[in-house]
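If you want the building blocks of each chain, they are given just below.
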Amino acid sequence: MNKMIKDIPQNLQAIQKFSETYAQRTGTFFCSDLSITSVVIEGLARHKDEYGAPLCPCRHYDDKAAEVAVAYWNCPCVPMRERKECHCMLFLTSDNEFASSNQTIDLNLIINSIKST
């Protein structure tokens, strides 16, 4: 199998679609720097592949499996659901200085971001 294809998380497209739908449903927007959006979506997809849940990739955990079971930091995390506070800068309110007007992101842009790292 081609290494570039193998390194793409299995759940990448599912997390991309979830992110777009969630942003539209909550009236939030992706970061103006779409490389940040791409890295976060990739991290969520990798955690979904490895742990069965999209655990926030922007935090340190001593035990990721235990954190998944608690579900507090599974995306969308509790701070996002309760206060629209996204530590990863994936879902930003329109008044955030880093917010774009984008609620969609092209899958190829995410894949190209993964390949370039």
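Now for a quick tour of the structure. If you're wondering where the values come from, they're calculated on a predicted model, not measured in any experiment. (Residues numbered from 1 in each chain as written. Predicted model: local features only at pLDDT ≥ 70, side-chain atom pairs only at ≥ 80, totals over all residues. Heavy atoms only, no water.)

With that settled, the discussion passes to the packing of aromatic side chains. Tallied over the entire structure, the rule returns five aromatic pairs. The interplanar angle of 90° and the centroid separation of 6.3 Å between the aromatic rings of F18 and F91 together place this pair among those described as edge-to-face. Linking F18 in helix α2 (residues 12-26) with F91 in the loop between α5 (78-83) and α6 (107-116), this pair joins segments that are 73 residues apart in sequence. Exposure remark for F18: the relative accessible area of 25% places this residue in the partly exposed category. Members of the aromatic cluster, each reached through a chain of ring pairs, are F18, Y22, F30 and F91. The cationic tip of R59 hangs over the ring face of W73; the distance from NZ or CZ to the ring centre is 3.7 Å. (Phe/Tyr/Trp six-rings, centres within 6.5 Å; stacked < 30°, edge-to-face > 60°. Helix = DSSP H or I, 4+ residues; strand = E, 2+ residues; numbered from the N terminus. Buried < 20%, exposed > 50% of the residue type's maximum accessible area, 1.4 Å probe, protein only. Lys NZ or Arg CZ within 6 Å of the ring centre and 35° of its normal.)

This part takes up the state of the cysteines. Evaluation of the coordinates by the stated rule reveals one disulfide. Bridging C58 to C88, the disulfide has an S-S length of 2.4 Å. Judged by the sign of its S-S torsion, about 130°, the bond between C58 and C88 is right-handed. One end of the pair, C58, is in the loop between α3 (34-51) and α4 (64-70); the other, C88, is in the loop between α5 and α6, and 30 residues separate them in sequence. Not part of a disulfide, C77 finds its nearest cysteine sulfur in C86, a span of 6.2 Å. We note that C86 lacks a disulfide partner, and the nearest cysteine sulfur, in C88, lies 5.1 Å from it. On the basis of relative accessible area, C86 is assigned to the buried category, the value being 18%. (Disulfide = S-S within 2.5 Å.)

Mapped onto the secondary structure, I111 falls in helix α6. Residue classification places I111 among the buried residues on the basis of a relative accessible area of 17%. In contact with I111, not counting residues within four places along its chain, are I8 and L12. (Contact = heavy atoms within 4.5 Å.)

What follows is about unusual backbone geometry. The omega torsion across C75 and P76 is -5°, close enough to zero to call that bond cis. Looking at where P76 falls in the secondary structure, it is placed in the loop between α4 and α5. In this model, A71 sits at a positive phi of 75°, which is unusual for a non-glycine residue. Phi is positive for K84, close to 55°, though the residue is something other than glycine. Note on placement: K84 falls in the loop between α5 and α6. By relative accessible area, K84 is classed as partly exposed at 39%.

Before going further, it helps to examine the pattern of salt bridges. One pass over the structure, following the stated rule, counts four salt bridges. One salt bridge connects E20 with K17, and the closest N-O pair in it is separated by 4.0 Å. On the criterion of helical spacing, the pair formed by E20 and K17 is a turn pair, its members being three residues apart in helix α2. Residue E82 pairs with R83 through a salt bridge whose shortest N-O separation is 3.5 Å. Relative accessible area serves as the criterion here: at 58%, E82 is assigned to the exposed category. Judged by its relative accessible area of 44%, R83 is partly exposed. Connected via shared salt-bridge partners are E82, R83 and E85. (Salt bridge = Lys/Arg side-chain N within 4 Å of Asp/Glu carboxyl O.)

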